[in-house]
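Listed below, chain by chain, are the residues.
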Amino acid sequence: MRRATLLPLWLTYAFLYTPVVVLVVMSFNRSASPYEWSGFSTAWYGTLAGDDEILRGLANTLIVAAGATALSTVLGTLLAVGLARHASGSRLLPALSVLPAVLPDIVLAIGLLAFYSLVSATLGLHSVLLAHTVFGLAFVTAVVRTRIAHVDPSLEEASRDLGANEVTTFLRITLPTLAPGIVAGALLTFTLSLDEFVIAFFTAGPKDPTLPIVIYSMIRFGVTPEINALATLLLAVSFTVVIAAQRVSRLTEAL
């Protein structure tokens, strides 16, 4: 009886993950056809490593992801601390802080593009970086605010009672206690920026495409084992970072 009740769950998992498994398996296909298996081979990973367009897109993606993660982490942490200290009784300000995370990507992308047009800003890696910072800031703020809720405020009070000023208290007490949440938010932001397509598509310049845009331009002419290999590598990176973020989040709740 119990197995029968679990059947819909397993069918749902099969529906969700079977295409992913097929993609990973076909990335090791010897044939150039993505639909016909002709033997095991890792040749497509070698081909991938020699593709200048993909490597350039990967470099652009890593630059954007690293920069957006750094900016989002700093600004999101400061915003979370500010909301906890000065807007604890407000519902509007915390809701506005996470608005970029709940807005549809297409809405945020069009809004950012309209803003860039309004201020006559040129599009390039810098515009994508700033757009991803806005997107990632909301996630860092949400994660750090969750961590703040588990921190004993008497620690900061004790520090101030002992003569420490606001800066010293923040650097020696607040920041270390929030570190697990900050790291989890940073890892989450990096993963989201690495895979994000819609916002990058609207805010990137024609000469600086990110990797998801490069992949999109390639699959318009059909899926190849090279694309399967690239998708497999991105899947592995995203999976690793998400697992790391979950572990850090669990540490956040345990401390």
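Please read all numbers here as calculations on a predicted model, not as lab measurements. (Residues numbered from 1 in each chain as written. Predicted model: local features only at pLDDT ≥ 70, side-chain atom pairs only at ≥ 80, totals over all residues. Heavy atoms only, no water.)

**Re the overall build of the chain**
Next up, step 1: Helices and strands together make up the secondary structure of the chain, namely 12 helices and 0 strands.
Next up, step 2: Its helices and strands in sequence order give the chain the pattern α-α-α-α-α-α-α-α-α-α-α-α, from N to C terminus.
Next up, step 3: A buried classification covers 38% of the 255 residues belonging to the chain.
Next up, step 4: Looking at the chain as shown, the accessible area adds up to about 14700 Å², and 70% of this sits on carbon and sulfur atoms.
Next up, step 5: Taking the average place of the 14 positive charges on the side chains of the chain and the average place of its 15 negative ones, the gap between the two points comes to 7 Å. (Helix = DSSP H or I, 4+ residues; strand = E, 2+ residues; numbered from the N terminus. Buried < 20%, exposed > 50% of the residue type's maximum accessible area, 1.4 Å probe, protein only. Areas by Shrake-Rupley, 256 points an atom, 1.4 Å probe, with all protein chains shown as cover. Lys, Arg positive; Asp, Glu negative; His and termini not counted. Charge placed at Lys NZ, Arg CZ, Asp CG, Glu CD.)

**What to know about the UniProt feature "transmembrane region" (unreviewed entry) in the chain**
Next up, step 1: Feature annotation in UniProt assigns "transmembrane region" (unreviewed entry) to the following positions: residues 7–28, 62–84, 96–119, 125–144, 178–202 and 227–245.
Next up, step 2: Secondary structure content for residues 7–28 is 91% helix and 0% strand, and the end C-alpha separation is 31 Å.
Next up, step 3: Between the C-alpha atoms that bound residues 178–202 the distance is 34 Å, and the span itself is 92% helix and 0% strand. (UniProt positions renumbered as here; feature names shortened; annotations may be inferred.)

**Topic: the nonpolar core**
Next up, step 1: One finds W44, Y45, L48, I54, L211, V214, I215, M218, I227, A229, L230 and L234 forming the largest nonpolar core, which totals 12 residues.
Next up, step 2: Sorting the residues of this core by element identifies α2 (43–49), α11 (211–219) and α12 (225–254) as the ones contributing at least two each.
Next up, step 3: Of the residues that make up this core, three or more belong to each of domain 1 (17–50) and domain 2 (53–225).
Next up, step 4: Every residue in contact with I215, bar those within four places of it in the chain, is listed here: I227, L230 and L234. (Core = buried A, V, L, I, M, F, W, Y, C linked by side-chain atoms within 4.5 Å. Domains from an automatic or database assignment. Contact = heavy atoms within 4.5 Å.)

**A look at the confidence of the model for the chain**
Next up, step 1: Looking at the chain as a whole, its pLDDT mean stands at 83, while 94% of the residues score no less than 70.
Next up, step 2: Averaged pLDDT values for the elements of the chain fall to 74 in helix α8 (residues 154–161) and rise to 92 in helix α10 (residues 198–203). (pLDDT = per-residue confidence, 0-100.)

**Let's talk about the domain arrangement of the chain**
Next up, step 1: Partitioning the chain into domains gives domain 1 (17–50) and domain 2 (53–225).
Next up, step 2: Domain 1 and domain 2 are separated by 34 Å when their C-alpha centres are compared.
Next up, step 3: Contacts between the two partners involve 9 residues from domain 1, matched on the other side by 5 residues from domain 2.
Next up, step 4: Between domain 1 and domain 2, the buried area comes to about 520 Å², and carbon and sulfur atoms account for 72% of it.
Next up, step 5: Summed over the shared surface of domain 1 and domain 2, the number is 0 salt bridges.
Next up, step 6: Considering each element in turn, the side of domain 1 that touches domain 2 owes the most residues, 3 residues, to α2. (Buried area = accessible area lost by both parts, 1.4 Å probe. Salt bridge = Lys/Arg side-chain N within 4 Å of Asp/Glu carboxyl O.)

**Structural notes on the packing of helix α6 (residues 105–118) against helix α7 (residues 125–148)**
Next up, step 1: At a minimum axis distance of 11 Å, the contact between α6 and α7 shows a crossing angle of 135°. With respect to their mutual orientation, α6 and α7 come out oblique. The way α6 lies across α7 gives a crossing that is right-handed. On the side of α6, the interface is formed by D105, L108, L112 and Y116, while α7 contributes S127, L130, A131 and F135.
Next up, step 2: Here the residues of the contact of α6 with α7 are counted per class, giving 6 nonpolar, 1 polar and 1 charged. (Axes fitted to C-alpha atoms, helices over the stretch in contact; angles between N-to-C directions. Parallel < 35°, antiparallel > 145°, perpendicular 65-115°, else oblique. Left-handed = near helix turned anticlockwise from the far one by under 90°. Nonpolar A, V, L, I, M, F, W, Y, C, P; charged D, E, K, R; others polar.)

**Here's the deal with unusual backbone geometry**
Next up, step 1: Unusually for a residue other than glycine, S120 sits at a positive phi of about 60°.
Next up, step 2: When you line up the elements, S120 lands in the loop between α6 and α7.

**Comments concerning the packing of helix α3 (residues 52–86) against α7**
Next up, step 1: Axis separation between α3 and α7 bottoms out at 6 Å; the angle between their running directions is 40°. With respect to α7, the element α3 is oriented oblique. For the pair α3 and α7, the sense of crossing is right-handed.
Next up, step 2: Among the residues forming the contact of α3 with α7, the class breakdown is 17 nonpolar, 10 polar and 1 charged.

**Some details on a nonpolar patch on the surface**
Next up, step 1: On the surface, a cluster of nonpolar side chains totalling about 1200 Å² of accessible area is made up of L6, L9, W10, Y13, F15, L16, Y17, V21, V25, W37 and F40.
Next up, step 2: Inspection of the secondary structure puts V21 in helix α1 (residues 2–26). (Patch = residues over 30% accessible without salt bridge, like charges linked within 9 Å, V, L, I, M, F, W, Y side chains within 5 Å.)

**Details of α7**
Next up, step 1: Taking 1.5 Å of rise per residue, the 24 residues of α7 would be expected to cover 34 Å, and the 33 Å separating its terminal C-alpha atoms lies within 8% of that figure.
Next up, step 2: Bending of α7 peaks at approximately 25° at the position of G136.
Next up, step 3: Burial of α7 is extensive: 17 of the 24 residues sit out of reach of the surface. (Expected span 1.5 Å × (residues − 1). Bend = angle between axes of the 7 residues up to and from the residue.)

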